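Commentary on secondary and tertiary structure
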Amino acid sequence: MEYKLLDGKATAAAIRAEIKQEVEDIVANGGRRPSLTAILVGNNPASKTYVANKEKACADAGFTSKVIRLPEETGEEELLETIRSINEDPAVDGLIVQLPLPRHIDEQKVIAAIDPSKDVDGFHPISQGKMLIGQDTFLPATPMGILTLLERYNIETKGKNCVVLGRSNIVGRPVANLLSRKGYPGDCTVTMCHSRTKDIERFAKEADIIIAAIGIPFFVKEDMVKEGAVIVDVGINSIEDSSRKSGYRLVGDVDFDKVAPKCSYITPVPGGVGPMTIASLLQNTLKAYKNRK
Ligand code: GUN
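The structure contained in this document is the topic of the report that follows.

Reading guide: rules and limits
- Residues numbered from 1 in each chain as written.
- Predicted model: local features only at pLDDT ≥ 70, side-chain atom pairs only at ≥ 80, totals over all residues.
- Heavy atoms only, no water.
- Core = buried A, V, L, I, M, F, W, Y, C linked by side-chain atoms within 4.5 Å.
- Buried < 20%, exposed > 50% of the residue type's maximum accessible area, 1.4 Å probe, protein only.
- Contact = heavy atoms within 4.5 Å.
- Helix = DSSP H or I, 4+ residues; strand = E, 2+ residues; numbered from the N terminus.
- Axes fitted to C-alpha atoms, helices over the stretch in contact; angles between N-to-C directions.
- Parallel < 35°, antiparallel > 145°, perpendicular 65-115°, else oblique.
- Left-handed = near helix turned anticlockwise from the far one by under 90°.
- Nonpolar A, V, L, I, M, F, W, Y, C, P; charged D, E, K, R; others polar.
- Pairing = 2+ DSSP bridges.
- Phe/Tyr/Trp six-rings, centres within 6.5 Å; stacked < 30°, edge-to-face > 60°.
- Near = heavy atom within 4 Å.
- Polar contact = N/O pair within 3.5 Å; in protein donor to acceptor, adjacent residues only side chain to side chain.
- Areas by Shrake-Rupley, 256 points an atom, 1.4 Å probe, with all protein chains shown as cover.
- Patch = residues over 30% accessible without salt bridge, like charges linked within 9 Å, V, L, I, M, F, W, Y side chains within 5 Å.
- Salt bridge = Lys/Arg side-chain N within 4 Å of Asp/Glu carboxyl O.

Turning our eyes to something else, we now look at the nonpolar core. One finds I19, F63, I146, L179, I211, V232 and V234 to be the most contacted residues of the largest nonpolar core, which totals 50 residues. The residues contacting I146, other than those within four sequence positions of it, are V171, V175, I211, V232, V234 and V273. Judged by nonpolar contacts, the second largest core, of 19 residues, contains I86, L99, L101 and I114.

A word on unusual backbone geometry. Look at the link from L99 to P100: it is a cis peptide, with omega at 0 degrees. Tracing the chain through its elements places P100 in the loop between strand 4 (94-97) and helix 4 (107-113). Here the amide bond leading from Y184 into P185 is cis, since omega sits at -5 degrees, within 30 degrees of zero. Notably, N154 is not glycine yet its phi reads approximately 50 degrees, a positive angle. Mapped onto the secondary structure, N154 falls in the loop between helix 6 (141-152) and strand 5 (161-165).

What follows covers the packing of helix 1 (residues 8-28) against helix 10 (residues 273-292). Interaxial distance between helix 1 and helix 10 falls to 8 Å at its minimum, and their mutual angle equals 25 degrees. When the axis of helix 1 is compared with that of helix 10, the two are roughly parallel. Judged by the twist between their axes, the crossing of helix 1 over helix 10 is left-handed. Between helix 1, through G8, K9, T11, A12, I15, R16, I19, E22, V23 and I26, and helix 10, the contact on the second element is made entirely by P275, M276, I278, A279, L282, Q283, L286, Y289 and K290. Classifying every residue of the contact of helix 1 with helix 10 by side-chain character gives 12 nonpolar, 3 polar and 4 charged.

Pairing of strand 2 (residues 35-41) with strand 3 (residues 64-70), which is carried by 7 bridges, proceeds in the parallel orientation. Each residue of the ladder has a partner; that of T37, found in strand 3, is K66.

Here the focus is the sheet that holds strand 7 (residues 209-212). Spatially, 1-11-8-7-5-6 is the arrangement adopted by the 6 strands of the open sheet, whose pairing is parallel. Two strands bound the open sheet, and with one partner strand each, they are strand 1 (4-5) and strand 6 (189-193). Pairing between strand 8 (residues 229-233) and strand 11 (residues 263-266): 3 bridges, direction parallel. In the sheet register, V230 faces strand 11, and the bridge partner there is Y265. In the packing of helix 7 (residues 172-180) onto the sheet, the strands contacted are strand 5, strand 6 and strand 7, and the crossing angle to strand 6 comes to about 170 degrees.

In this section: the side chain of T277. Position of T277 among the secondary structure elements: in helix 10. The residues contacting T277, other than those within four sequence positions of it, are A141 and T142.

Counted by the stated rule, this structure contains 2 aromatic pairs. On the basis of an interplanar angle of 85 degrees and a centroid distance of 5.9 Å, the ring pair of Y3 and F256 is categorised as edge-to-face. Separated by 253 residues along the polypeptide, Y3 in the segment before strand 1 and F256 in helix 9 (residues 256-259) bring together distant segments of the chain. In this structure Y3 comes out as partly exposed when scored by relative accessible area, which is 31%. Considering the side-chain rings of Y153 and Y265, the 6.3 Å spacing of their centres and the 65 degrees angle between planes classify their relative orientation as edge-to-face.

Here we take up the site of the ligand. Around the ligand, the neighbouring residues are K54, V97, Q98, L99, D121 and F123. Measuring from a nitrogen atom of the ligand, one finds a side-chain N or O atom of Q98 at 3.3 Å. For the ligand, whose accessible area on its own is 280 Å², the fraction buried by protein is 84%.

On the surface, Y50, I236, Y248 and L250 cluster together to form a nonpolar patch covering roughly 360 Å² of accessible area. Following the sequence through the fold, Y248 ends up in strand 10 (residues 248-251).

Once that is clear, we can look at the pattern of salt bridges. Applying the stated criterion across every chain yields a total of 16 salt bridges. In this structure, the salt-bridge partner of E18 is R152, at a minimum N-O distance of 3.0 Å. One end of the pair, E18, is in helix 1; the other, R152, is in helix 6, and 134 residues separate them in sequence. Note that E22 is salt-bridged to K290, the shortest N-O span being 2.5 Å. You can see E22 sitting in helix 1 and its partner K290 sitting in helix 10, a full 268 residues away along the chain. Salt bridges here are not isolated pairs; linked through shared partners, they connect R16, K56 and D60.

See the structure below:
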């Protein structure tokens, strides 16, 4: 089958250009710039890259942004205190705490300390609860990016069988919820599969849409996929590759080369969901800014 790429890089670039234009108009009319603060605790290399990318995206869009880098050994109370002071800072619209946090810090406690009106990651229990019952709120950036990508490519979702691989709070669980909601992009019949699911292949084979967020390189093979399926690959897995200068390369959860020919649409890795996550974070930050005006 002749498959089409769901080009997250190009779609995200278009969204970022729209946001940049909107910010230019705001500033030209005397408004202040939207502003995002990110807190990064410790030295997780992937987290460092993600935060640097977010910082650059903010600068490109004309947002003001700040990264607060705290050492690995930062205490939980010190982190909570930092969050409280940003909550109260009227110059900050959006606040994110990059995950994962060092093991001695209670992640849920930290997320719950963020003012829900600044929770542009959509991780706060209030944001997640609102999402669950379909109220207006900040949607978590990766699920939101996936929905936007399906939308911009006019992918039909109504009545489709959608299989979500993975049940994380950040991706699997929220994206399953969102695709089962009324309206577009939604109205899917969603099955959430995970590490304890018996016979994942059987479910995957029935899927019109597969969202792979399981964190295992090349997990989705061609014999698990129905002809004409739409596949969104959320995986970012680092595997050894001696042909690269770095010694590694990033691959998704889908065995792309073998699976793509069976698909109608599929996201590449990199250049699929990753860039959409950043675009969604900017959209949420702009939304937080507008809510506060
Ligand atoms: N870690 C992995 N994805 C995310 C994300 O979208 N936001 C934050 N804060 N941390 C993450």
